[in-house]
Amino acid sequence: MAKTKTKRLSSPQELEALRELIVKGRDPNQSCIVICGGTGCLALGAQEVINAFKQEIEKGSLKNKLALRVTGCPGFCERGPLVVIKPKNILYQQVKSEDISEIVSATVKGNIVDRLLYTDPDTGQKITYEHEVPFYKKQKRLLLGDNSNIDPTIIEDYLALGGYATLSKVLFKMSPDKVIDEVKKAGLRGRGGGGFPTGVKWESCRQAQGDTRYVICNCDEGDPGAFMDRSLMEGNPHSVLEGMLIGAYAIGSHQGYIYVRNEYPLAVRNAGIAIKQAGELGLLGKNILGSGFDFSVKISRGGGAFVCGESTALMASLEGKVGEPRAKYVHTVEKGLWEQPTNLNNVETWANVPLIIKNGADWYAKVGTEGSKGTKIFSLVGKINNTGLVEVPMGITLREIIYDVGGGIPDNKKFKAVQTGGPSGGCIPESSLDLPVDFDQLTDVGSMMGSGGMIVMDENSCMVDIAKYFINFLEGESCGKCVPCREGLKRMSQILTDITEGRGKEGDIELLERLSATLADSSLCALGSTAPNPVLTTIRYFRDEYEAHIKDKRCPAGVCRELVTYLIDEENCPGCGLCVKACPVEAITDMGKKKPVVLDQEKCIKCGACYDVCKLGAIIRK
Amino acid sequence: MVTLKIDGREVQAEEGKTILEVARENNIYIPSLCYHEEVTPYGACRLCLVEVTGNGRERLVVSCLYEVADGLKVKTNSERIAANRQMIMELLLARCPNNQAIQELARQLGVEKTSFKLDDNQCMLCALCVRVCQEVVGVSAISLVNRGVDRALATPFYEPSDVCIGCGSCAYVCPVDAIRFEDIGDTRYIYWPNNKMEFKLKKCKTCGNYWAPEKELEYIRKQANLPADAFDNCPDCRE
Amino acid sequence: MPTKSKPAKPKVKAILDSYQGDPSMLVSILQDVQAEYNYLPKETLTQVSQDLDIPLTRVYSVATFFKAFSLKPRGRHIINVCLGTACHVRGAVRIRDEIERELDIKPGETTEDFKFTLETVNCVGACALGPIVIIDSKYSGQMKPDKVKTLLESYD
């Protein structure tokens, strides 16, 4: 790793000279072991793998032959911990510390460890290179691609790839108006949910009257099942900072904030390191690169409130107040933080900015659809084979994402729905799978882009239960300020709970629809006004499931505990005793070999543990 | 000055005023629970919803926060508005089924009963008391605590407040009488939905009546820089 | 309640100093205070209010608004059950129920011996591992109801 003495850079020439120096100190042909140190892989034990690599390299005195880089998330979380050998891009998956010496010795000799390669489930063939793995093939990784080329704690890695050169170009060769024009021409729309045109927002903020202007990077990402922003902030924080710097220059702001969830400790840490390192090099602070432009960034940690994804609530929280939203009749670009013009974009939006300016609006606008340009990162999770982060061009179909990239549904189960847009989004059924994904198309089917969560559900998911899940979530996250949201969500939750527990009654669906209309019309902020979406879309596409719960007191998917009974199929039960061990409440009794087990309905808590372990279909769920 | 139309009627209004303010000046009724002219509008009850048409777009806004503009067209009632107000009243009725003010407003808006399970609250969390205490009295003794459905009006830690002066402004301003106070003998009792406090009343040197909380008088005296004996007598016994 | 020694005020003072006594940093300040004491003792909130010169109502409202804060002492081990959507469709509720049953506490509560506090979180973004239980900062993925007991027993 090229260690450079920190010295404030005071001109574009000095920045370029530093980049050349870093690149010269690195051998592009040297093998580099890249390990994902993102939250997902760390949770799977990546730290031990990293330690083992360090020891192994140390032990064999291989420092000159092998470099080691701990990076952010490359996306394929399902197969973590992930190791990629650069420059050849050999992908090893599910790597354990005991595999390390083999990997190291093979790499030194130029060999490959076959058994750690990914096997294509369709062909049974081993796949050697990362880009040939089906999960990556249809992706277009403009933003995430660099994650595996960068150790986010080392600014030199970012600089080596030409980092901050775009900022330098902006500061010395472009007027603020030109920057805004370019972003407008690129057609970039906000990735945080609403899809508002970014350039237009910047322009309004630049033109608004005020003494001070602020820019904010929203990394609150409260959507359950979404971690795009976290991965960018963890994996490539300087790209976000560079985007903020460019935006701040265009808007005329000298103070920025990064609002990041405290539940993302690694993102908090890496953002902090990035700010410090950029400051030391004079890429943040006063007189950046000698241009006369000043900009600094503070980190503010969120306190765990989904509503703070709402810009006005986020700003209240930044001011040290309760995270309550306010009406936005006067937009935040005019009166936001401390009543001053404020421009807020989310992490992914900011990360797009350097790309647009570097490569030009025309280049950028080639990717995507008429109304939605560029790529979008989704977190593809739930009942899906390849859980992970995927970056795809706008306009790709849901089917391609779920089946080609995601590898389809596990255990040959049937696809039922995909939920997009987070808690305020909707559930999209099989019949709409060929929908090209962009901001407008998703809205047309009753869902929305949101920040990019994509949760796949199979035949074992109960859609009433899913609606209840989201409404309960939102009920817990409503700030409680306005009546329709606070009281309305409480009542929706009560009705849905009644339905899932067998107390549903005629008219409940209509009452839910009536409540939905009021929430959508009269709530104070977007949390309340979009909250009915999961209910409305599940009613629209899966009304029969609601009716089965209400009229027949039956949960077709077998999820709603109060409507489900577990029975032993005596014909099929060989008395193997697996279920006896799995039962947490000793409700199943072993009657001896070859005799069917006996289930005590009084004791049964309907947890389904027996059903899950029985491979013979001898546990019946009714 | 701007000119706008409310329910087809042309009215003149000062720039910067809200639709609700202008409507009231012109004796046009818009229902509301959380609005009071003395404090910052809050936009929480959502009853003052109106339909506005401006820039060719029609949309629902709350009139206590939406500022008037030249050429704006406002409808203070329509089927859609009525449906929203009625649902809001159903929700409030379920929250506070025994509150007379809410029952009355519900009836007025055409709601006789609610479709939901009944709770038993008096307070509907409009925060008027909180805003008056903070903005008018300048004390901030009570606030809304917790989040969402658990939200409640309380003093910090639900304990007697060190800063409350017992003035009772919260009770005066409460639109649904969820806060009460009474003076019995030498003591004032303030009852909030979740806790209560007692205050010693000051005795008039002349007539001997207990007339106001000592803490409140002390607070006013300090604020106004009055001499120590300024409140020795009650208003009736001052010349 | 265990007998907690009265918090040494210099700790709060040091935290406030590190934010230059800036009231807009209230949320971060309370996070640091909680990291120090494991919860937000009453005295610390009063002190934060006095030293930042903001009403106690504001400090108390903020402390009770955000999910990250606890005004009650918490256990030696904090269990977080992820209830994100991905974990939910993979059966996270059953895991939570099993922990509730095993420890006889509900989310937000602490066992009588102050060994465990049960909390839920809306997504930790490790969805490939769902359902996930995080105890202190250790992740246990692909949880099943029958694994709960063994997992809990591995803590003392």
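Residues numbered from 1 in each chain as written. Chains lettered and ligands numbered in written order. Predicted model: local features only at pLDDT ≥ 70, side-chain atom pairs only at ≥ 80, totals over all residues. Heavy atoms only, no water.

Caption draft 1: Looking closely at the overall build of chain B. Of the regular secondary structure elements, chain B holds 6 helices and 11 strands. Across its three principal directions, the C-alpha atoms of chain B cover 65 × 45 × 30 Å. A total of 239 residues make up chain B; the buried ones form 53% of that total. Of the contacts made within chain B by residues no fewer than 6 positions apart, 49% connect residues no fewer than 24 positions apart. A total of about 11800 Å² of accessible surface is found on chain B, and carbon and sulfur atoms cover 43% of it. If you average the places of the 29 positive and of the 34 negative side-chain charges in chain B, the two averages end up 4 Å apart. (Helix = DSSP H or I, 4+ residues; strand = E, 2+ residues; numbered from the N terminus. Buried < 20%, exposed > 50% of the residue type's maximum accessible area, 1.4 Å probe, protein only. Contact = heavy atoms within 4.5 Å. Areas by Shrake-Rupley, 256 points an atom, 1.4 Å probe, with all protein chains shown as cover. Lys, Arg positive; Asp, Glu negative; His and termini not counted. Charge placed at Lys NZ, Arg CZ, Asp CG, Glu CD.)

Caption draft 2: Focus on the sheet that holds strand S9 (residues 296–302) of chain A. Residue and element names in this part refer to chain A. Spatial strand order, S9-S8-S7-S10: 4 strands in an open sheet with parallel pairing. The open sheet terminates on both sides in strands that have one partner only, identified here as S9 and strand S10 (342–346). Along the sheet, successive strands turn relative to each other by an average axial angle of 20°, direction set aside. (Pairing = 2+ DSSP bridges. Axes fitted to C-alpha atoms, helices over the stretch in contact; angles between N-to-C directions.)

Caption draft 3: Inspection of the packing of aromatic side chains at higher detail. If you walk through the whole model with that rule in mind, you get 21 aromatic pairs over all chains. On the numbers, 6.4 Å between centres and 50° between planes, the contact of Trp 363 of chain A with Tyr 364 of chain A is tilted. An angle of 90° between the planes, with centres 6.4 Å apart, marks the rings of Phe 66 of chain C and Phe 69 of chain C as edge-to-face. Look at Phe 66 of chain C and you get buried, because its relative accessible area is 2%. (Phe/Tyr/Trp six-rings, centres within 6.5 Å; stacked < 30°, edge-to-face > 60°.)

Caption draft 4: Molecular detail of the pairing of strand S12 (residues 388–393) of chain A. Burial within S12 of chain A is extensive, with 5 of its 6 residues counted as buried. Where strand S11 (residues 375–382) of chain A folds back onto S12 of chain A in an antiparallel hairpin, the turn is made up of 5 residues.

Caption draft 5: Structural view of the sheet that holds strand S1 (residues 2–6) of chain B. All names here are of chain B. What the 5 strands build is an open sheet, ordered S2-S1-S5-S3-S4; its pairing is mixed. Two strands close off the open sheet at either side, each with one partner strand: strand S2 (9–13) and strand S4 (57–62). Taken over all neighbouring pairs, the strand axes of this sheet differ in orientation by 30° on average, direction set aside. Those strands touched by helix H2 (residues 79–95) are strand S3 (49–54), S4 and strand S5 (73–75), and its axis lies near 150° from that of S3.

Caption draft 6: Quick look at the environment of Ser 137 of chain C. Take Ser 137 of chain C: it is sitting in the loop between strand S3 (133–135) and strand S4 (138–140). Each C-alpha atom, one on Ser 137 of chain C and one on Lys 115 of chain C, is 15 Å from the other, the two residues being 22 residues apart in sequence.

Caption draft 7: Representation of the interface of chain A and chain B within the structure. Counting from both sides, the interface comprises 33 residues of chain A and, opposite them, 32 residues of chain B. When the two sides are added together, the surface that chain A and chain B hide from each other amounts to roughly 2800 Å², 54% of it contributed by carbon and sulfur. Connecting chain A to chain B are 8 salt bridges. For Glu 477 of chain A, the salt bridge identified is with Arg 147 of chain B, shortest N-O distance 3.1 Å. Between the two partners, chain A and chain B, sit 23 residue pairs in polar contact (both at pLDDT 80 or more). Elements with a minimum of two residues in the side of chain A that touches chain B: helix H18 (463–477), helix H19 (483–500) and helix H20 (508–522) of chain A. Taken together, the residues of the side of chain A that touches chain B break down into 13 nonpolar, 9 polar and 11 charged. (Buried area = accessible area lost by both parts, 1.4 Å probe. Salt bridge = Lys/Arg side-chain N within 4 Å of Asp/Glu carboxyl O. Polar contact = N/O pair within 3.5 Å; in protein donor to acceptor, adjacent residues only side chain to side chain. Nonpolar A, V, L, I, M, F, W, Y, C, P; charged D, E, K, R; others polar.)

Caption draft 8: Seen up close, the packing of helix H2 (residues 26–37) of chain C against helix H4 (residues 56–65) of chain C. Residues and elements named next belong to chain C. Relative to each other, H2 and H4 sit at 70°, their axes nearing to 11 Å. Regarding the angle of H2 to H4, the classification is roughly perpendicular. Crossing handedness for the pair H2 and H4: right-handed. Judged by residue contacts, Leu 26, Val 27 and Leu 30 of H2 engage Arg 58, Val 59, Val 62 and Ala 63 from H4. Per-class residue counts for the contact of H2 with H4 are 6 nonpolar, no polar and 1 charged. (Parallel < 35°, antiparallel > 145°, perpendicular 65-115°, else oblique. Left-handed = near helix turned anticlockwise from the far one by under 90°.)

Caption draft 9: Inspection of the nonpolar core at higher detail. Among the nonpolar cores identified, the biggest contains 151 residues, and Tyr 164 and Phe 295 of chain A together with Ile 79 and Ile 99 of chain C are the most heavily contacted of them. Residues contacting Ile 79 of chain C, with those up to four places away along its chain left out, are Ile 99, Leu 103, Phe 116, Thr 117, Leu 118, Glu 119, Val 133, Ile 134, Ile 135 and Leu 152 of chain C. The next biggest cluster of nonpolar side chains, apart from the first, holds 126 residues, and it includes Ala 305 and Leu 563 of chain A together with Val 39 and Ile 190 of chain B. (Core = buried A, V, L, I, M, F, W, Y, C linked by side-chain atoms within 4.5 Å.)

Caption draft 10: Seen up close, unusual backbone geometry. All names here are of chain A. Look at the link from Gly 80 to Pro 81: it is a cis peptide, with omega at -10°. Locating Pro 81 in the fold gives a position in the loop between strand S2 (66–71) and strand S3 (83–86). Cis geometry is adopted by the peptide bond preceding Pro 87, which originates at Lys 86 and carries an omega value of 0°. One can find Pro 87 in the loop between S3 and strand S4 (90–92).

Caption draft 11: A look at the confidence of the model for chain B. Residues of chain B with pLDDT of at least 70 account for 100%, and the chain-wide mean is 95. The element-level mean pLDDT for chain B is lowest in S4 of chain B, coming to 92, with H2 of chain B highest at 98. (pLDDT = per-residue confidence, 0-100.)

Caption draft 12: Quick peek at the interface of chain A and chain C. Across the boundary between the two partners, chain A contributes 58 residues, which contact 40 residues of chain C. At the junction of chain A and chain C, the tally comes to 3 salt bridges. For Arg 561 of chain A, the salt bridge goes to Asp 97 of chain C, with nearest N and O atoms at 3.1 Å. Inspection of the region where chain A meets chain C yields 22 residue pairs in polar contact (both at pLDDT 80 or more). For the side of chain A that touches chain C, the secondary-structure elements that each account for two or more residues are helix H2 (39–43), strand S8 (255–261), S9, helix H13 (311–318), S11, strand S15 (453–458), H18 and helix H24 (609–613) of chain A. With 6 residues, H18 of chain A is the largest single contributor of residues to the side of chain A that touches chain C.

Caption draft 13: Inspection of the pattern of salt bridges at higher detail. Inspection of the entire model under this criterion finds 56 salt bridges over all chains. Note that Arg 261 of chain A and Glu 263 of chain A form a salt bridge whose closest N and O atoms lie 3.5 Å from each other. Overall, the relative accessible area of 4% leaves Arg 261 of chain A in the buried class. Residue classification places Glu 263 of chain A among the partly exposed residues on the basis of a relative accessible area of 29%. Ionic pairing is found between Arg 543 of chain A and Glu 513 of chain A, a salt bridge with its closest N-O pair at 3.9 Å. Of this pair, Arg 543 of chain A sits in helix H22 (residues 533–551) while Glu 513 of chain A sits in helix H20, placing them 30 residues apart in sequence. Residue class for Arg 543 of chain A comes out partly exposed when judged on its relative accessible area of 31%. One salt-bridge network, in which partners are shared between bridges, spans Arg 561 of chain A together with Arg 96, Asp 97, Glu 100 and Lys 106 of chain C.

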